[in-house]
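Coordinate analysis (summary)
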Amino acid sequence: MLAAGGTAQAAQTGAEETGTAEETTATTVAATEFPNGTEFSGSSHVPYAEGEFLTLIFSIDNSEVSAPHLITPVDIANALNELAVSRGWPAITFYGASSPAPLNWA
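Residues numbered from 1 in each chain as written. Predicted model: local features only at pLDDT ≥ 70, side-chain atom pairs only at ≥ 80, totals over all residues. Heavy atoms only, no water.

1. Overview of the nonpolar core
Our working definition: By convention a nonpolar core is built from buried Ala, Val, Leu, Ile, Met, Phe, Trp, Tyr and Cys residues, the set being connected through side-chain atoms within 4.5 Å. Each residue gets one of three labels from its accessible area relative to the maximum for its type: buried under 20%, exposed over 50%, partly exposed in between, using a 1.4 Å probe on protein chains only. The secondary structure listing takes helices from DSSP runs of H or I that are at least 4 residues long and strands from runs of E that are at least 2 residues long, numbered from the N terminus. The contact definition used throughout considers only heavy atoms, calling two residues in contact when any of these lie within 4.5 Å.
Core analysis: the largest hydrophobic core is formed by 10 residues, namely F34, F40, L56, F58, I60, V74, A77, I92, F94 and L103. Of all the secondary structure elements, the ones that give two or more residues to this core are β4 (53-59) and α2 (73-86). Ignoring sequence-local partners within four residues, the contact set of A77 consists of F58, F94, L103 and N104.

Shown next as structure tokens:
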């Protein structure tokens, strides 16, 4: 579940101790507060192409957005990763400038 009102959740790696194999390999999501307008950034490089680096930076201002229309930082991070992976880049973990916690785990 994603928090509303300009907050996002950070994904943490970890496996659940009980359940199916899919549940065991699923990541555990823990809530981390990021202030509205936080700048997120992340980088990636293609392991087989020396010198090719990709850095993406974004921020979202959801201060006047109602819950049904809310686009969260995690939504943007996931969409950017889908695009990056479709073009041959490894997935990117984005970090919020105001918090040491990752927004997502790539």
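2. Considerations on the environment of V85
Mapped onto the elements of the fold, V85 is located in helix α2. On the basis of relative accessibility, which here comes to 46%, the residue V85 falls in the partly exposed class. Here V85 is in contact with P90 and A91, once residues within four sequence places are set aside.

3. Things to note about the pairing of strand β3 (residues 39-45)
Quick note on the threshold: Being paired, for any two strands, means DSSP has found at least two bridges between them.
The side-chain alternation of β3 yields one buried face, formed by F40, G42 and S44, and one unburied face, formed by E39, S41, S43 and H45. Relative to β4, β3 is paired through 7 bridges, and the arrangement is antiparallel. Residue S41 lies in a different strand from β4, and its bridge partner there is I57. Sheet topology places β3 next to strand β5 (residues 95-96); 2 bridges connect them, and they run antiparallel. Of the residues in β5, the one forming a bridge with F40 is G96.

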